Amino acid sequence: MNEKLDILVFGAHADDAEIGMGGTIYKHVEAGLRVGICDLTAADMSSNGTVERRKIEAEEAGKVLGLTSRTNLGLPDRGLYITQHQVDCVTAEIRRHAPSIVFAPYWEDRHPDHVACSKLVEEAVFNAKLRRYMPDKPAVTVDQLYFYFINDWVKADLLVDVSQQYAKKEASMLCYRSQFEIEEEDHVFTPLNQGYVERVKYRDRLVGQRRLVPYAEGFAVKSPYLLDHFNI
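Residues numbered from 1 in each chain as written. Predicted model: local features only at pLDDT ≥ 70, side-chain atom pairs only at ≥ 80, totals over all residues. Heavy atoms only, no water.

(A) Seen up close, the packing of aromatic side chains. Evaluated as defined, the whole model comprises eight aromatic pairs. Each ring, one from phenylalanine 103 and one from tyrosine 146, has its centre 5.3 Å from the other, and the planes form 25 degrees; the classification is stacked. Taken together, the residues phenylalanine 103 in strand S4 (residues 101–105) and tyrosine 146 in strand S5 (residues 144–148) connect sequence positions 43 residues apart. A single burial state applies to phenylalanine 103 and to tyrosine 146, both of which are buried. An aromatic cluster of at least three residues, connected via ring pairs, comprises Tyr106, Trp107, Phe147, Phe149 and Trp153. Over the aromatic face of tyrosine 215 sits the side chain of arginine 205, whose NZ or CZ is 5.3 Å from the ring centroid. Here the basic side chain of lysine 222 rests over the ring of tryptophan 107, its NZ or CZ set 4.6 Å away from the ring centre. (Phe/Tyr/Trp six-rings, centres within 6.5 Å; stacked < 30°, edge-to-face > 60°. Helix = DSSP H or I, 4+ residues; strand = E, 2+ residues; numbered from the N terminus. Buried < 20%, exposed > 50% of the residue type's maximum accessible area, 1.4 Å probe, protein only. Lys NZ or Arg CZ within 6 Å of the ring centre and 35° of its normal.)

This is how it looks when you write it as structure tokens:
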């Protein structure tokens, strides 16, 4: 079933989008836009939690952010590569939703799956507009591809003030209790349950400081902007 979206956000795992741009997602939902998240994998290699638990947490986080759609492509966790099959899967998702704007993880990150997701989405955005590529599905041209930061941070090309939306971002992250809390005897220590949410908050405060707002999220682009005029 095709479901038109204004914005489609890709992540390798459920919680990537919330960490990187949960405030921006909610800000655009508040503005009346149709926003969806597509998780490439079920995160079945995660040290804590289960696939079933992560699915429930993702659904809860999606409700917090008011998503129109949340899908999972079921690609292999720690097995994301530029293969024909995987590019086709991501391309088909873009064509199914025909978004004007697509977001992907930044192309440098400590987690290899985030890097692979970035490359896959970039390939798929290009292929989605080719009418002879997977010709059984209508071609879709994405207006702009943006990249959000998960673990690592470099100088951003633009910032979004998410001060008024930050409580929703934090609430969406905290839905992933299996990842960010130590709540079971068989839990193991990972970077995620060692104050990770607080570090994300510190980062977003520091980003906001660049423009003197309480919280902001940063984004990078590879294609230059085209402006009609500069706002004064």
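(B) Summary view of the sheet that holds strand S3 (residues 69–75). Taken together, seven strands build an open sheet; the order of strands is S3-S2-S1-S4-S5-S7-S6 and the sheet is mixed. In the strand order of this sheet, the two ends are held by S3 and strand S6 (158–161), each with one partner. Looking at each pair of strands side by side, their axes are set apart by 30 degrees on average, direction ignored. Summarising the sheet, S4 and S5 pair through five bridges and their orientation is parallel. Residue pairing across strands places alanine 104 opposite phenylalanine 147, the latter belonging to S5. (Pairing = 2+ DSSP bridges. Axes fitted to C-alpha atoms, helices over the stretch in contact; angles between N-to-C directions.)

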